[in-house]
Amino acid sequence: MRAATMLMGACALLAGCGQKTDAPPAAAPQEATAEQKAAVLASLPAPYNTADLANGKAKFGLCRSCHTIAPGGANMTGPNLHGVFGRKAGSVEDYEYSEAVEHAGFVWDAEHLDKWLAEPRTFLPGTKMSFAGLKDAKDRVDLIAYVKVESGYKAP
Ligand code: HEC
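Figured I'd write up the structure that's included with this text. (Residues numbered from 1 in each chain as written. Predicted model: local features only at pLDDT ≥ 70, side-chain atom pairs only at ≥ 80, totals over all residues. Heavy atoms only, no water.)

What about the coordination of the iron atom of the ligand?
Item 1. The protein atoms donating to the iron atom of the ligand are H67 (NE2) and M129 (SD), with metal-donor distances spanning 2.0 to 2.1 Å.
Item 2. One can describe the donor arrangement at the iron atom of the ligand as octahedral, given that its six donor atoms subtend angles of 84 to 179° at the metal. You can see H67 sitting in the loop between helix 3 (53–60) and helix 4 (99–102) and its partner M129 sitting in the loop between helix 6 (120–123) and helix 7 (137–150), a full 62 residues away along the chain.
Item 3. Looking at H67, the relative accessible area reads 12%, which means it is buried. (Donors = N, O, S within 2.8 Å, 3.2 Å for Na, K, Ca; no water. Tetrahedral: all angles 85-135°; square planar, octahedral: opposite > 155°, others 65-115°. Helix = DSSP H or I, 4+ residues; strand = E, 2+ residues; numbered from the N terminus. Buried < 20%, exposed > 50% of the residue type's maximum accessible area, 1.4 Å probe, protein only.)

And the structure:
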């Protein structure tokens, strides 16, 4: 009986400690909530605001072997894509781009991404992104909307 009471006391103490360590430090990059993501989708210009995010997510499966998209995600074969919209092409620190992307000289927006994803090697000859391209225009709309929502895009 006595041992059981002591055990319970220890559990309560441990649970208390657990709660404190579970909270992420204030500075840690955070994933957006489902509500925030829905709000981002609704804020996008047509046709992106009515995009099929489930299809976009499925199509992003083609990118996942080379790219992370979560905040603070690692660079893999390709750079982390969090915050890519509004960012100058070729500007992720600690990632070694080809000359083609490093000196592309534009800021990523939906239009540039659409051309890039249709045919990367024609859009920026010399790129080292070995991805054949996504030929279907509607798939690209869905994918771009998904990337916007998941990469922390905020309307200007
Ligand atoms: C086989 C690996 C691979 C796949 C698959 C791939 N990428 Fe890439 N991606 C790369 C590499 C490598 C680079 C860097 C290109 C360079 O420097 O020439 C890159 C660069 C990019 C950039 C430019 C980022 C910047 O910081 O300027 C974007 C945007 C991008 N990829 C999006 C995608 C999307 C979306 C998909 C899926 C449809 C995809 N990529 C599929 C390897 C890949």
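Continuing now.
Quick notes on unusual backbone geometry
Residues apart from glycine generally show negative phi values, whereas peptide bonds are mostly found in trans.
Item 1. Residues A46 and P47 are joined by a peptide bond in cis, for which omega reads 5°.
Item 2. Position of P47 among the secondary structure elements: in the loop between helix 2 (34–43) and helix 3.
Item 3. The phi torsion at D94 lies on the positive side, around 65°, for a residue other than glycine.
Item 4. With respect to the helices, strands and loops of the structure, D94 is situated in the loop between helix 3 and helix 4.
Item 5. By relative accessible area, D94 is classed as exposed at 77%.

Digging into the nonpolar core
Item 1. With 34 residues, the main nonpolar core has F60 and W116 as its most contacted residues.
Item 2. Secondary structure elements with two or more residues in this core: helix 2, helix 5 (110–118) and helix 7.
Item 3. Ranked by the residues each element gives to this core, the list is headed by helix 7, at seven residues.
Item 4. Leave out the neighbours within four places in its chain, and W116 touches V101, W108, F123, L124, T127 and M129. (Core = buried A, V, L, I, M, F, W, Y, C linked by side-chain atoms within 4.5 Å. Contact = heavy atoms within 4.5 Å.)

Here's the deal with the environment of W108
Item 1. By the secondary structure assignment, W108 is in the loop between helix 4 and helix 5.
Item 2. Judged by its relative accessible area of 7%, W108 falls in the buried class.
Item 3. W108 sits 19 residues away from A89 along the chain, and the two C-alpha atoms are 6.1 Å apart.
Item 4. Leave out the neighbours within four places in its chain, and W108 touches V84, F85, G86, R87, K88, A89, L113 and W116.

Remarks on the site of the ligand
Item 1. The environment of the ligand is formed by 25 residues, the closest being C63, C66, H67, S98 and M129.
Item 2. In this structure, W108 approaches the ligand through a side-chain N or O atom, which is 2.8 Å from an oxygen atom.
Item 3. The contact in question runs from an oxygen atom of the ligand to an N or O atom on the backbone of K128, over 2.9 Å.
Item 4. The dominant element in the shell around the ligand, judged by the number of residues it contributes, is helix 5, at three residues. (Near = heavy atom within 4 Å. Polar contact = N/O pair within 3.5 Å; in protein donor to acceptor, adjacent residues only side chain to side chain.)

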